[in-house]
Amino acid sequence: MLLTTDTVGGVWRYTVDLVAGLSRRGIGAVVATLGPPPDAAQRAELRDVQLVVTGWPLDWTACGPEHLAQAACGIAELAGEHRASVLHLHEPSLRGAMPSPGCTTIAVLHSCLTSWWEAMRGGPLPEPLRWRRTLTEAGLMRADAVIVPSRAMAATVARLYPPRPVHVVHNGRQAAPLQLHRREATVFASGRLWDAAKNMAMLDRTAALLDAPVIVAGSAISPTGDAVHFERLQLLGQLSPGRLAAELGRAAVFCSLARYEPFGLGVLEAAQAGCALVLADTPIFRELWDGAALFTDTLDPAIVAASLRQALANPAALGRAARLRAGRYTADAMVDATLDVHRQALAQQAA
């Protein structure tokens, strides 16, 4: 199997867990990275896997459709060189821009710029996004199967793109060993701080209304070099998986106010660690965490602060509920469901 991946965000974590699960099942994989190259820690995570660092662009960093088409054709050639029976793409637009790769293709729509624009800006798509939408739509239609990480994302795909069947496979994580620290009265958050969709600016405004510190992990500098700054958040930078697990083991509450989040691996990691969850009241978070989290309106920092105070007052019960719910979203469940999609697609092609 040849898998493509993105080293910038949650897609990398998805890839690491998926490849590990494939290996446990005796399935070989080659991983091709697009966009920024993996750092030393990321390379170490896949040290037992053949890793191809292509340097080709992601669809959201490509200069134009021709630029992305070069990457797509290169990926198709890699699939042929490695005699892959399945090409597992992390961006449907790659399938939309490539000729037939000669093998079964599975496209995973982790997120899409069209739905991001709808959530964050609204109105007609600007030209730089229109060609990306066109290639994403083509990729969704040409792929032998399409995977999305939530039912809410499936509904979004059905609304924004021509109809085609999609498979809902919830993301999963291999839980880190539980860190048995004494919980501290802190609020923790993680993610790409530079991405406005993560809504860290609202969390920063909320922090001014809290007595508890608000600690945040993640990069504040985008792949294009743009940096964000905050007044109240305590920034830890990008953390290793071990350091992140330790921080989650200490924090009483984890908060995500994301305005756009097709799944939210950071929330799952926090739930696995036993943090109380305070989440934006969105359809996707409701789907995954209803009954195991506090939900908050994200338009008013006073409302967010009240929700965080409520969680800080009784984090143990909320943390137990979150950890119990996280048991639904394991790496093994994700891998098995993904392989079911692969088998169905292979069988359809063989028929």
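Going by the structure above, here's the rest.
Basis of the calculations
Residue positions are given per chain, counting from 1 as you read along its sequence in written order. At least 70 in pLDDT is required for a residue's local features to be given in this predicted model, at least 80 for side-chain atom pairs to be given and counted, and no such filter applies to totals for whole chains, interfaces and linings, which use all residues. Hydrogens are left out, water is left out, and the side-chain values use all remaining heavy atoms of the structure. For salt bridges, the criterion is a side-chain nitrogen of Lys or Arg within 4 Å of an Asp or Glu carboxyl oxygen. A run of H or I in DSSP becomes a helix once it reaches four residues, and a run of E becomes a strand once it reaches two; helices and strands are each numbered from the N terminus. Think of it in three bands: with a 1.4 Å probe and only protein chains considered, a residue is buried below 20% of the maximum accessible area for its type, exposed above 50%, and partly exposed in between. For two strands to be treated as a pair, DSSP must find no fewer than two bridges joining them. Note on method: axes are straight lines fitted to C-alpha atoms, helices fitted across the in-contact stretch only, with angles between N-to-C directions ranging 0 to 180 degrees. Every residue pair with non-hydrogen atoms within 4.5 Å of one another is taken to be in contact. Among buried residues, those of type Ala, Val, Leu, Ile, Met, Phe, Trp, Tyr and Cys that are joined through side-chain atoms within 4.5 Å constitute a nonpolar core. When the strands point away from the viewer and the path from the first strand over the helix to the second turns clockwise, the crossover is right-handed.

### As for the pattern of salt bridges
Taken as a whole and assessed by the stated rule, the structure comprises 17 salt bridges. Asp332 is the salt-bridge partner of Arg25, the closest N and O atoms lying 3.2 Å from each other. Of the two residues, Arg25 is situated in the loop between helix 1 (10-24) and strand 2 (30-34) and Asp332 in helix 14 (residues 331-350); the sequence distance between them amounts to 307 residues. With a closest N to O distance of 3.0 Å, Arg192 and Asp195 form a salt bridge. The exposure class assigned to Asp195 is buried, which follows from its relative accessible area of 10%. What you see here is one network of salt bridges that share partners, running through Arg24, Arg25, Asp332 and Asp336.

### Structural notes on the sheet that holds strand 12 (residues 276-280)
In spatial order, the strands read 10-9-8-11-12-13; together these 6 strands make up an open sheet with parallel pairing. Strands at the two margins of the open sheet, each flanked by one partner only, are strand 10 (234-237) and strand 13 (294-296). On average, each strand axis in the sheet is inclined to that of its neighbour by 25°, with strand direction left out of account. Direction of pairing for strand 11 (residues 251-256) relative to strand 12: parallel, over a ladder of 4 bridges. Bridge assignment links Val253 to a residue of strand 12, and that residue is Ala276. Packing of helix 8 (residues 200-207) onto the sheet brings it into contact with strand 8 (184-190), strand 9 (214-217) and strand 11, and relative to strand 9 it is tilted by some 155°.

### Here's the deal with the nonpolar core
Soluble globular proteins: nonpolar side chains tend toward being buried together. By size, the foremost hydrophobic cluster in this structure holds 29 residues, and its most contacted members are Phe188, Leu248, Phe254, Leu277, Leu279 and Trp289. Broken down by secondary-structure element, the contributors of at least two residues to this core are strand 9, helix 9 (241-250), strand 11, helix 10 (265-272), strand 12, helix 11 (283-289) and helix 13 (315-326). In terms of residue count, helix 10 provides more of this core than any other element does, 5 residues in total. If we ignore the near neighbours within four places in the chain, the residues touching Leu277 are Phe254, Val267, Ala270, Ala271, Trp289, Ala292, Ala293, Leu294 and Ala322. Membership of the second largest hydrophobic core comes to 25 residues, among which are Ala276, Val304, Ala305 and Leu318.

### What to know about unusual backbone geometry
Even without glycine at this site, Arg83 takes up a positive phi of about 50°. Structurally, Arg83 is set in the loop between helix 3 (65-81) and strand 4 (86-89). Looking at Arg83, the relative accessible area reads 78%, which means it is exposed. Positive phi, close to 60°, is recorded for Asn199, a residue that is not glycine. Relative to the helices and strands, Asn199 is located in the loop between strand 8 and helix 8. Using a relative accessible area of 11% as the deciding quantity, one classes Asn199 as buried.

### Structural notes on the pairing of strand 12
A large share of strand 12 lies buried, amounting to 5 of its 5 residues. Crossover connection from strand 11 via helix 10 to parallel strand 12: handedness right-handed. Where strand 12 and strand 13 come together, 3 bridges link them in parallel fashion. The partner of Val278 across the bridge, within strand 13, is Leu294.

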